[in-house]
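Letter by letter, the chains look like this.
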Amino acid sequence: MPMRARILDSWYDHLRGVICLIQCVNGQISENDRITTTYLISKFDDGLNIDLGNSKSNSDITFSVQELGILSPTPLRTKTLYPGQVGFMVGGIKNVRQVLLGDTI
């Protein structure tokens, strides 16, 4: 079963880029996994400009998970999230517009 996670919230950190609060729905997500969102896939397939800068290659819509953890109330790095868990993800995403609330990873 493929990994799926729902984006619940996101914010921008000047040092780490976009941080997403996610809920793991199916499978598991681990650090160094390659991910993308259904929004970015649909916009890339349609050939629309989605504010990715000047380049629009397939590598621009995939990201590597750099950090995973749980907020309890301070961030606790876990390296893996399992189904049903809610935690944060740092994925090297540079623009908050690339992440929509409610979207699926």
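Just above, that's the structure.
Residues numbered from 1 in each chain as written. Predicted model: local features only at pLDDT ≥ 70, side-chain atom pairs only at ≥ 80, totals over all residues. Heavy atoms only, no water.

A. Just unusual backbone geometry, in detail. A positive phi angle is found at N32, which is not glycine, with a value near 75 degrees. Position of N32 among the secondary structure elements: in the loop between β3 (29–30) and β4 (34–35). Its identity is not glycine, yet K79 carries a phi of approximately 70 degrees, on the positive side. For K79, a relative accessible area of 48% corresponds to the partly exposed category. (Helix = DSSP H or I, 4+ residues; strand = E, 2+ residues; numbered from the N terminus. Buried < 20%, exposed > 50% of the residue type's maximum accessible area, 1.4 Å probe, protein only.)

B. Inspection of the sheet that holds strand β2 (residues 17–26) at higher detail. Reading across from one edge, β1-β2-β9-β6-β7 is the order of the five strands in this open sheet, with antiparallel pairing throughout. The sheet terminates laterally at β1 (4–13) and β7 (75–77), the two strands that pair on one side only. The sheet shows a mean angle of 35 degrees between the axes of neighbouring strands, direction not considered. When strand β6 (residues 67–71) meets strand β9 (residues 86–90), the two strands line up antiparallel, connected through three bridges. The residue of β9 that forms the bridge with E67 is V90. (Pairing = 2+ DSSP bridges. Axes fitted to C-alpha atoms, helices over the stretch in contact; angles between N-to-C directions.)

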